[in-house]
Amino acid sequence: MSFKWKWLLTTFVAQLLLGGIFTTIQYIHMGKLAEQDLLRIQESFQSELTKAHLANNSHSLNALSSIVRDFYSRHKPAAVWVNEGSEMAYAMGDVPDDLTPAATPLLSIFDLPNTGQQLKVLFDENEVYRGRNDMLFYLAGVFLLSALACSMILLGLSNTLSARLEDLRSKAMELQSGKIQSRIEVTGRDEISCLGAAFNSMAQAIELQMKAMEESHARSVSEKNRLDMLLSSLASGVAYLDEHFNLLYLNKALAKMLKIEALNPESAKLESVLIQAGVVREQRIRLKDLVTDYFGNHEMPVELNFTDGRVLQFRFAVYNDKIQGAHAVLIVDDVSIRKNVEDLRNEVERDPLTGVLNRRGFDMTLEARLSRLLPGETLGLMFLDLDGFKAVNDTLGHKAGDQILKTSATLLKGATRNVDHVARLGGDEFAIIVARCNIQLLKNIAERIIESFACDKLLVRVRQNHGLTVSCSIGAAMHPLHGHSIQQLLEISDEQMYQAKKAGKNCYRIAGVATELLLGDAAVKV
Ligand SMILES: Nc1nc2c(ncn2[C@@H]2O[C@H](COP(=O)(O)OP(=O)(O)OP(=O)(O)O)[C@@H](O)[C@H]2O)c(=O)[nH]1
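Our subject in this report is the structure included herewith. What you are looking at is a predicted structure, and each value in this text was computed from that prediction instead of being measured.

1. A few points about the pairing of strand β11 (residues 421-426)
So, point 1. Note: β11 against strand β12 (residues 429-435), 5 bridges, orientation antiparallel. Considered in β12, the bridge of His421 is made with Ile433.
So, point 2. As consecutive antiparallel partners, β11 and β12 are separated by 2 residues, and within that stretch Gly427 has a phi angle of approximately 50°, a positive value.

Right under this line is the structure:
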């Protein structure tokens with residue numbers, strides 16, 4: 001039930017109740033007044049009867065009848081009659097057949113002195129209580145009418161009120177459904193008008209907020225489109241990953257690389273996507289390692305081979321913020337061509353037996369390094385020839401000789417730095433390009449080489465088991481101190497190596513440095 005009807009019913013019932021209570025009190029009060037009036041009439045009639053009796057001292061019915069008639073005409077009782085014993089001597093009005101005095105308080109009995117007669121007067125209840133009864137109908141009518149009138153007024157007011165509230169409600173619903181321009185017409189200054197004004201202010205604030213949000217959304221969409229365009233135009237694959245290595249976004253290039261038509265959130269784990277794209281079986285462990293532990297441990301790019309021959313390089317940029325938690329941007333490049341070029345270059349420039357540069361690689365590297373030298377920068381060249389190698393070949397066979405060559409290359413790489421280049425020029429001849437060098441560095445490297453040949457396990461075993469000693473004679477020269485061209489440097493270092501051989505092998509010589517100054521020379525001789 002709506003408030004309107006509740007209020008209406010409550011008011012109506014309350015009015016009826018109040019009217020009922022008031023009417024009842026009035027009803028009782030008027031009843032008492034009527035009874036008092038009746039008593040007064042009875043007393044006055046009694047006194048008239050007594051007076052009449054004393055005045056004429058006559059007991060004739062005629063004398064009595066005039067008083068009774070007068071009384072009857074004035075007070076209009078229902079009946080007046082005189083009983084003489086059981087006989088009715090005189091009567092006016094409708095005398096009831098059967099009536100005992102106790103039956104009604106409206107019956108009055110007057111004993112007529114000295115006659116033995118009884119005068120009885122029966123008052124009409126309607127007449128006695130007419131005033132009270134009239135008042136009852138009157139009051140009941142008044143209260144009922146006033147209750148109805150009040151209810152109608154209230155109904156009118158409620159209708160006005162509820163119509164305005166309904167308007168407010170419907171506008172609120174419109175606002176909720178997205179009609180943010182919805183406003184209420186405010187005309188007065190009453191409470192509902194104030195409510196309407198408050199609603200309008202709220203709607204205006206919402207409209208402004210919505211406009212700001214729409215603008216911000218439009219800006220975000222435009223930014224996103226620009227970013228999408230940018231990412232789509234990249235040749236590198238780009239993906240966005242959550243901390244569980246789920247792919248949340250990938251650009252066109254990566255989708256093409258991984259042969260993904262549409263990103264399915266169910267199977268967007270990087271590992272399964274890469275397996276599906278065809279990572280070679282041998283690299284699955286590496287892949288597992290990559291996707292399980294990458295956020296913590298990996299910083300360098302990782303390259304994975306795919307069954308179709310492609311090599312993809314993966315680089316991660318890991319971020320951590322309060323909103324997204326740990327997440328990463330993955331950049332993927334197809335390095336297959338670079339790898340092929342590298343492989344090809346290795347084939348051309350590397351010695352297949354030892355893995356170090358071959359003669360061609362050495363020439364190219366030396367030429368490149370010399371051409372890129374900065375003013376004042378030096379470059380060293382060491383020429384090395386194994387001692388006693390032929391005997392190994394002759395005694396233990398060519399295969400053992402190959403093993404000694406491989407070991408020698410490893411020892412040379414171990415004795416140099418990453419920036420230096422080791423090359424096998426042919427047979428048992430090696431060379432080392434020493435970057436940014438000085439005499440002391442050349443001496444250090446040469447001594448480390450001689451020492452490592454002396455201590456290497458395989459060479460020690462060959463020496464001990466077969467009496468074959470493999471060592472190394474080294475000659476060195478420096479650019480620009482001893483020569484400017486490759487040819488000059490090679491000739492000088494070769495000459496120095498020859499000097500070392502001449503000096504008894506297993507030692508080194510550096511151009512321009514007196515033998516006595518080569519401190520480690522004697523010490524490293526085996
Ligand atoms: N196992 C093997 N031997 C090779 C290879 N290339 C060249 N040789 C051999 O290496 C040997 C090089 O000879 P030398 O330098 O005169 O022998 P050496 O005993 O070191 O002599 P010195 O330099 O005077 O100490 C030759 O017997 C070649 O046949 C190779 O690729 N593998």
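2. Describing the side chain of Glu207
So, point 1. If you trace the backbone, Glu207 turns up in helix α5 (residues 191-233).
So, point 2. Apart from the residues within four sequence positions on either side, Glu207 is in contact with Ile180, Gln181 and Arg183.

3. Side note on a nonpolar patch on the surface
So, point 1. On the surface, Phe3, Trp7, Leu161, Leu165 and Leu195 cluster together to form a nonpolar patch covering roughly 480 Å² of accessible area.
So, point 2. If you list the elements that add at least two residues to the nonpolar patch, you get α1 (3-56) and α4 (130-176).
So, point 3. With respect to the element layout, Leu165 can be found in helix α4.
So, point 4. For Leu165, a relative accessible area of 39% corresponds to the partly exposed category.

4. Side note on the packing of aromatic side chains
So, point 1. On inspection of all chains with the given rule, the structure shows 5 aromatic pairs.
So, point 2. Relative to Phe110, the ring of Phe45 lies with its centre 5.0 Å away and its plane at 85°, an arrangement referred to as edge-to-face. Taken together, the residues span a long stretch of sequence, with Phe45 in helix α1 and Phe110 in strand β3 (residues 107-112) at a distance of 65 residues.
So, point 3. Residue Phe45 is classed as buried on the basis of its relative accessible area, which comes to 0%.
So, point 4. Residue class for Phe110 comes out buried when judged on its relative accessible area of 4%.
So, point 5. Plain terms: the ring middles of Phe71 and Phe123 are 6.1 Å apart, the flat faces sit at 80° to each other, and that makes the pair edge-to-face. You can see Phe71 sitting in helix α2 (residues 61-75) and its partner Phe123 sitting in the loop between β4 (117-122) and α3 (125-128), a full 52 residues away along the chain.
So, point 6. We classify Phe71 as buried; its relative accessible area is 1%.
So, point 7. A connected cluster of aromatic rings, assembled from ring pairs, spans Phe45, Phe71, Phe110 and Phe123.
So, point 8. Against the face of Tyr129 rests Arg132, its NZ or CZ located 4.2 Å from the ring centre.
So, point 9. Its end group placed over the ring of Phe306, Arg310 keeps NZ or CZ at 5.4 Å from the ring centre.

Rules of the game
- Residues numbered from 1 in each chain as written.
- Predicted model: local features only at pLDDT ≥ 70, side-chain atom pairs only at ≥ 80, totals over all residues.
- Heavy atoms only, no water.
- Pairing = 2+ DSSP bridges.
- Helix = DSSP H or I, 4+ residues; strand = E, 2+ residues; numbered from the N terminus.
- Contact = heavy atoms within 4.5 Å.
- Patch = residues over 30% accessible without salt bridge, like charges linked within 9 Å, V, L, I, M, F, W, Y side chains within 5 Å.
- Areas by Shrake-Rupley, 256 points an atom, 1.4 Å probe, with all protein chains shown as cover.
- Salt bridge = Lys/Arg side-chain N within 4 Å of Asp/Glu carboxyl O.
- Buried < 20%, exposed > 50% of the residue type's maximum accessible area, 1.4 Å probe, protein only.
- Phe/Tyr/Trp six-rings, centres within 6.5 Å; stacked < 30°, edge-to-face > 60°.
- Lys NZ or Arg CZ within 6 Å of the ring centre and 35° of its normal.

Geometric descriptors of this kind do not, in isolation, establish any biological role.
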